[in-house]
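Residue-level structural notes
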Amino acid sequence: MKKVVALGMSGGIDSSMALKILKNEWKHIVGANHIVWHGVRCSSYEVISRAEKLCRAEGIPFYCLDVSEEFKTRIAGDFIRSYIAGLTPNPCVICNQFIKFTFFYDRLKEQLQKDGILESDDRLYYSTGHYVRLAEKDGGLFLRKAADLSKDQSYMLYRLPRKLLSRCIFPLGDILKKDLKAEAERQGLDFGNVRESQDICFIEGSYGDFIAANSDLKIRPGRILDMEGNVLGKHRGYIHYTIGQRKGLGLGSGPWFVTSVIPEKNQVIVGRQDQQGQKDFTVRDLNWFIDYRGEKFDACVKVRYNSHEYPCTVSALDEGRVLVRLHDKTVITRGQSAVFYQDDIVLGGGFIC
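First things first, this report covers the structure right here in the doc. Since the model is a prediction, treat every value here as computed from it, not as a measurement.

A few words now on the sheet that holds strand β11 (residues 267-271). The four strands lie next to each other as β9-β8-β11-β10, forming an open sheet whose pairing is mixed. The sheet is open, and its two edges are formed by β9 (231-235) and β10 (257-262), each paired on a single side. Here the strands of the sheet are splayed against their neighbours by 30° on average, with no regard to which way each runs. Sheet topology note: the strand β8 (residues 222-226)/β9 ladder contains four bridges and is antiparallel. What sits directly across from L225, in β9, is V231.

The structure is reproduced here in structure tokens:
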């Protein structure tokens, strides 16, 4: 059985240096990228051709597949529907689950078999430049935080199906970004003009404008109210506002913070800093790396990608949901992900509802 590893290549420093590392350990490597949305930088000729050029220089095949139709339905469509419903989704999390590590992987595997690079009994592994590690614990395989905590992306990958971890390879998990940059310079590689990827790669501009252009939503001005129901001003459409937002409200006697958005009334509710946050919230659509059977447990939770970790207690509810009880209040945003950790191991997570 031949083992082949496909590396997701953007042509930036992370994926390029990941390729250098893989070449020391793997004989059969292919580079790959995908077009997710036409007309944006991440799927541009500039990015794709740079990745192809780097692969050619390393003597490995490069593949680019168009997955834009599936992406439009599964990722962009979900993003638009969620925002219209007053949620604040993280489409990168969902893309990793349904496109990058699954649909794209399967399409790529089919193409490699068609081209004779991969035989039916060969095994295809998938590698990316994510800063995350894998760890064996209690007889199972888990996501583990990266050595460079400032770049850790375990939160973004928490929705990967548990069964897929055994075919994933993350070469940068044990590396500090500063050391990676130093090694790239030592090898004479220049990535100074290469911008790192955005959080939401398929949107260039405001989220509200993107949603207006790709849906039937009629964006209308509405009222901004405080938590007692007093009208404080006008907004330019609820779609432009999210929980915790402070800037762009145009209100006097600040600071004010968005505490909720009510789509059906086209209202934005604001409050003072001490009126923000909550201790209890519910999480749905959970993906576990542990064998969770409904027992109560203590952990730490991240409620957004760049948030602190908060000590919490997790209790089972009906319909596969859990109740999360924090020790201290923090801002909770519906639609974002809550990811549970014990030390540096990802236990699982789901969507805040």
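Additional details are given in the paragraphs that follow.
This part covers helix α1 (residues 13-23). α1 sits mainly inside the fold: eight of its 11 residues count as buried. Those residues of α1 that fall on the buried side of the exposure criterion are I13, D14, S15, S16, M17, A18, L19 and L22. Residues of α1 that are buried make contact with β1 (3-8), β2 (28-35), α2 (45-57), β4 (123-127), β7 (168-169) and α5 (177-186).

Burial runs high along strand β17 (residues 345-352): eight of the eight residues are buried. Across four bridges, the pairing between strand β12 (residues 278-288) and β17 is antiparallel. Bridging across to β17, V283 finds its partner in I352. Across six bridges, strand β16 (residues 337-342) lies against β17 in antiparallel orientation. Counted as the bridge partner of V339 is G349 from β17.

Here the focus is the nonpolar core. Among soluble globular proteins, nonpolar side chains are generally buried collectively. Among the nonpolar cores identified, the biggest contains 63 residues, and W37, F71, F79, L143, F202, F210 and V270 are the most heavily contacted of them. Looking at which element gives the most residues to this core, the answer is helix α4 (residues 91-114), with nine residues. Ignoring anything within four residues of it in the chain, the contact list for F79 reads P89, P91, I200, F202, I203, Y207, F210 and I211. Counting residues in hydrophobic clusters, the runner-up holds 23 residues, among them M17, A18, I29 and A51.

Another point: the packing of α1 against α5. At a closest axis distance of 11 Å, the pairing of α1 and α5 adopts a crossing angle of 70°. Relative to α5, the element α1 lies roughly perpendicular. Mapping the contact onto sequence places I13, D14 and M17 in α1 and K177, L180, K181, E183 and A184 in α5.

Moving on, we come to the state of the cysteines. Counted by the stated rule, this structure contains zero disulfides. The thiol of C92 is not disulfide-bonded; the next cysteine sulfur, from C201, is found 6.2 Å away. Here C300 stays unpaired: no disulfide links it, and the sulfur of C312, its closest cysteine neighbor, is 6.8 Å away. The class for C300 is partly exposed, based on a relative accessible area of 26%.

Conventions adopted
- Residues numbered from 1 in each chain as written.
- Predicted model: local features only at pLDDT ≥ 70, side-chain atom pairs only at ≥ 80, totals over all residues.
- Heavy atoms only, no water.
- Pairing = 2+ DSSP bridges.
- Helix = DSSP H or I, 4+ residues; strand = E, 2+ residues; numbered from the N terminus.
- Axes fitted to C-alpha atoms, helices over the stretch in contact; angles between N-to-C directions.
- Buried < 20%, exposed > 50% of the residue type's maximum accessible area, 1.4 Å probe, protein only.
- Contact = heavy atoms within 4.5 Å.
- Core = buried A, V, L, I, M, F, W, Y, C linked by side-chain atoms within 4.5 Å.
- Parallel < 35°, antiparallel > 145°, perpendicular 65-115°, else oblique.
- Disulfide = S-S within 2.5 Å.

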